[in-house]
Every structure is written in structure tokens, then in C-alpha cells.
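A structural walkthrough
In case you want the letters, here they are:
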Amino acid sequence: MANFDIKKLLQSVVTHGASDLHLVSRTEPQIRLDGALKPVNLPQLTGDDIEEMCYSLITEKQKQQFEENDELDFALLLPGIGRFRANYYRTLGETAAAFRTIPIDVPSLDDLGAPEVYKKLIKREKGLILVTGPTGSGKSTTLAAMLNEINLHEQKHVVTVEDPVEFIHRNKKCVFSHRGVGEDTKSFAIALKYAMRQDPDIILIGEMRDKETIEAALTAAETGHLVFGTLHTSSAPGTINRIIDVFTGDEQPQIRAMISTSLVAVIAQALLPKLGGGRVAASEILVTNHAIANLIREDKVHQIYSQMQLGQEGTGMTTQTQALVKFIRDGKISRDVALQYANKPEELSKAVVK
């Protein structure tokens, strides 16, 4: 039995500035640096090694949950090391684990180099702001920075519902009620139902997974709350379609009407490897205006993309292609990387003719 210290491993993840640690049997521990997996200079692990390391971090109740469900999701705080989102799972009957680092210090929008329009969006009193993108595209970080900005300037009650809770905000001007699904509440939908009685100004929904949660989010946004949520979609118009498609045909007209009045913005982001190391977030930004609200209501979502390209100085909107072109011109990313991540590679190719 090899003797591995899981805390030392997690410490090295933080020290290297890696985003993730993977423990899978028959291979050495791997860390993700700037989006790419790299093996750590240690012997290969067995399933027993991993189980022993993983079990040292959890309670008896969590062990029981894992043994019953073969899955376990939780947040972990290791004093002096950092905070992590952990997932334990089984592969070929053996225990495996993935750890994602969560910065203890919440970044600011300026730290992230976020577009100026974000500061305008968060001043809204009510409505729905969605940050979307694939897993690991920095959605949680962008949302945390937005809430941090509000925390610095406004006196609000913020209720977050997450699975598990990621960034923990210290109360500056705001009061934060962080609720973890499975620990503090049974489900997203139940938490949202009761959130209305907790006098929130702002609600953050970690993931809009199902019809009930989406419906509750839209209702909260319509009734005078500013609601932040995430979805795993890669483009802004695609996000609107995804929400509508969760509902049956006869429910869709009403849902389109709700989205058209309550949607403030969709930010669809991807994290791209930067030239010279590090990563950079390319964001497609849709901000609902009168014209876009009409297209949503009239079931013409396919026309939204061309509408996003109009009068952008005034609207703060940008397409993913424009964000990628700017990064290429600024020497931040290579043309090949941009094409690899592009939603519309043909459009990008034309925009950056060699």
C-alpha cells in the first residue's frame, strides 16, 4: 500500500495554480493546468490507495451516502490550504475522485478583466441574468465576481442555492445566506419556493437543471428579484432555446412571454488557453432590449444573433466571433485555438483571413 498524503497533494494543486486534481486507479495523480491535464511525479495509484485517501476527508454519514449511491458531491475546506469542490465516483468498481479548487478570496470583476457592461447589468433591481458555458468555463467565478461587486456597493440580502456551495462571500454591505443542496435544503426547486419567504433581493441558482427550477427562477425574476443562474449552453440564443425546450408545446407561449419580460442578459463564456500560459474568457453577451424581447415572444429566436450585431456601442452586446477576433488581434490567443473553440468557425475564418 503506497503512502500518499491527500492534503499534501491538494496543497500542491493550490501551489501550482492548478484548477483540478484527478485520482483514478492505475495511473498517477493528474492535475489540470491552464486547461491541460499533467501527471504529478508520483507512483501510480490503486483503487485502495484512492479510497483510503478519499475516506480520510469525509464524515461517516458521507461514507454511507457514497457507498449507497456510488456518487458523492461536496465542498471541502482545508484550513491553511484552500477550498475545493469534490466529487467521488466509481470506475470499474474502484473509487475515483475529482477535486476542483475554489479560491477563498472572491475575485472582483476588475481582477477578471470583465467587460464594463457587467457592472451595468448587476445594478438592475429585478430580472434574470444567466452565465452559461461548458463545465470548467469559469461560470461560478464570473457569478462570484458579480455578487462581490454588489456586496461592495449595495445593501441587499443575497440567497445562494448551490450543489455544493462554492464561493463563500463575507458580508461586506450585503447579507449572504448560502444554502447547499443536500445539506441545507433538499433540492433547488424546494429552496427557490421557500426563498420567497426569506425576503431576498438577489437569488443565485447554482444550476437550472429542471423544469421546476427554471419556472421558479422565471417567477422570482418577474416578481421583483434579481436572479442569477447557470446553464450548460455554449451560445446566448441557444440558451433561450434550451429553456423553452424544457417545456411542452402548449406551455411554450407562456414561457416565451415570461422570458421576454424577465431576461436581462445571457453571458455565454468559454475559457481558452492563452498564448504564453494562463487562460482567457471569451464571452458572447446578449442584453435584452425591446427588439430582442419581441423576437423571443414571437418565437423568432433564430433571428436574435443578427440583432445582437446591431448598435453594439449602445447595447454592450458582443458575439463570440467578435470576442475571439479581438483576442487574436490583441495577441492573446492563437487563430487555431480560436477556431477550435468557435461556435461559428466559418464566420470566424472569414473575419480573420490570414
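Quick summary incoming for the structure in this document. Numbering of residues starts from 1 in every chain and runs along the sequence as written. Since the coordinates come from a predicted model, pLDDT governs what is reported: local features require at least 70, and pairs of side-chain atoms require 80 or more to be given and counted, while whole-chain, interface and lining totals use all residues. As a convention, hydrogens and water are excluded, and side-chain values are obtained from all of the structure's heavy atoms.

**Observations concerning the environment of glycine 238**
Only DSSP runs of H or I covering at least 4 residues are called helices, and only runs of E covering at least 2 are called strands; the numbering of each starts at the N terminus. Inspection of the secondary structure puts glycine 238 in helix 9 (residues 236-245). Exposure classes here rest on a 1.4 Å probe applied to the protein chains alone. A residue is buried below 20% of its type maximum, exposed above 50%, and partly exposed in between. Under the relative-accessibility criterion, glycine 238 is labelled partly exposed at 27%. Residues glycine 238 and isoleucine 304, spaced 66 residues apart in sequence, show a C-alpha to C-alpha distance of 9.9 Å.

**Some details on the packing of aromatic side chains**
Aromatic pairing here means that ring centres of Phe, Tyr or Trp (its six-membered ring) are within 6.5 Å. Orientation follows from the plane angle: under 30 degrees is stacked, over 60 is edge-to-face, and everything else is tilted. Taken as a whole, this structure holds four aromatic pairs when the rule is applied. Both rings, one in tyrosine 55 and one in phenylalanine 66, keep their centres 6.4 Å apart while their planes meet at 85°; by these two values the pair is edge-to-face. Of this pair, tyrosine 55 sits in helix 2 (residues 47-55) while phenylalanine 66 is found in helix 3 (residues 60-69), placing the two residues eleven residues apart along the sequence. Classification of tyrosine 55 by relative accessible area gives buried; the value is 15%. Residue classification places phenylalanine 66 among the buried positions, given a relative accessible area of 0%. Arranged with centres 6.0 Å apart and planes meeting at 75°, the rings of phenylalanine 66 and tyrosine 88 form a pair that is edge-to-face. With a gap of 22 residues between them, phenylalanine 66 in helix 3 and tyrosine 88 in strand 5 (residues 82-91) connect regions that are remote in the sequence. This pair shows no difference in class: phenylalanine 66 is buried, exactly as tyrosine 88 is. Here the aromatic residues Tyr55, Phe66, Phe74, Tyr88 and Phe99 are joined through ring pairs into a cluster of three or more. Comment: the charge-over-ring label is applied if NZ (Lys) or CZ (Arg) is within 6 Å of the ring centre and within 35 degrees of the ring normal. Lysine 344 extends its terminal NZ or CZ atom over the ring of tyrosine 305, reaching a point 4.4 Å from the ring centre.

**Regarding the pattern of salt bridges**
The working definition used for a salt bridge is a side-chain nitrogen of Lys or Arg within 4 Å of a carboxyl oxygen of Asp or Glu. Counted by the stated rule, this structure contains 16 salt bridges. With a closest N to O distance of 2.8 Å, lysine 326 and aspartate 330 form a salt bridge.

**Some words on the pairing of strand 7 (residues 127-132)**
Each regular strand displays side chains that alternate between the two surfaces of the sheet. Of all six residues that make up strand 7, six are buried, and the element is covered over most of its length. Examined bridge by bridge, strand 7 and strand 12 (residues 263-273) share five bridges and lie parallel to one another. Note on strand 12: the bridge partner recorded for isoleucine 129 is alanine 265. The pairing criterion is simple: DSSP has to find at least two bridges between the two strands.

**Some points on the sheet that holds strand 3 (residues 36-39)**
The strand order across the open sheet formed by six strands is 3-2-1-6-5-4, and the pairing between neighbours is antiparallel. Edge strands, defined here as strands with exactly one partner in the open sheet, are strand 3 and strand 4 (71-78). Pairs of neighbouring strands in the sheet enclose a mean axial angle of 25°, with direction left out of account. Should any heavy atoms of two residues lie within 4.5 Å, those residues are counted as being in contact. Each axis is a line fitted through C-alpha atoms, taken for helices only over the stretch in contact, and angles between the N-to-C directions span 0 to 180 degrees. Against the sheet, helix 1 (residues 6-16) touches strand 1 (20-23), strand 2 (30-33), strand 4, strand 5 and strand 6 (94-102), its axis set at about 145° to strand 1. Running at roughly 45° to strand 6, helix 2 makes contact with strand 1, strand 5 and strand 6 of the sheet.

**Observations concerning helix 11 (residues 290-297)**
For helix 11, the full list of buried residues reads Ile292, Ala293, Leu295 and Ile296. One side of helix 11 holds all its buried residues, which, seen down the axis, span an arc of 160°. Here the buried face of helix 11 lies against helix 9, helix 10 (252-262), strand 12, strand 13 (279-287) and helix 12 (304-308). With a side-chain oxygen lying 3.3 Å from the backbone nitrogen of alanine 291, the N-terminal cap of helix 11 falls on asparagine 289. Aspartate 299, located one to two residues past helix 11, shows a positive phi value of around 60°. Working note: the arc is built from the helix axis to C-beta atom directions. Any pair of N or O atoms that falls within 3.5 Å is considered a polar contact. Within protein, one atom must be able to donate a hydrogen and the other to accept it, and sequence-neighbouring residues count only if both atoms are side-chain atoms.

**Here's the deal with the packing of helix 7 (residues 188-195) against helix 8 (residues 211-222)**
With their axes 8 Å apart at the nearest point, helix 7 and helix 8 run at an angle of 20° to one another. Taken together, the axes of helix 7 and helix 8 are roughly parallel relative to one another. Helix 7 and helix 8 meet at a crossing whose hand is left-handed. Here Phe188, Ala189 and Leu192 of helix 7 come into contact with helix 8, specifically with Glu212, Thr213, Ala216 and Ala217. Ten residues, namely Ala, Val, Leu, Ile, Met, Phe, Trp, Tyr, Cys and Pro, are considered nonpolar, four, namely Asp, Glu, Lys and Arg, are considered charged, and the remaining ones, Gly among them, are considered polar. For the contact of helix 7 with helix 8, the per-class residue count stands at five nonpolar, one polar and one charged. Orientation labels follow simple angle bins: below 35 degrees gives roughly parallel, above 145 gives roughly antiparallel, 65 to 115 gives roughly perpendicular, and whatever is left gives oblique. Should the near helix be turned anticlockwise from the far one by less than a right angle, the crossing is termed left-handed; should it be turned clockwise, right-handed.

**What to know about the pairing of strand 11 (residues 226-231)**
When you tally the buried positions in strand 11, you get six out of six residues, the bulk of the element. The alternating pattern of strand 11 places Leu226, Phe228 and Thr230 and Val227, Gly229 and Leu231 on opposite faces, both of which are buried. In this structure, strand 7 lies alongside strand 11, joined through six bridges in parallel fashion. Bridge pairing links valine 131 to threonine 230 in strand 11. Two strands pair when backbone bridges link them, and strand 10 (residues 202-205) and strand 11 are joined in this way by four bridges, in the parallel orientation. Looking across to strand 11, one finds that isoleucine 205 is bridged to glycine 229. Remark: the strand 10/helix 8/strand 11 crossover connection has right-handed handedness. Consider the strands pointing away from the viewer: the crossover is right-handed when the path from the first strand over the helix to the second runs clockwise.

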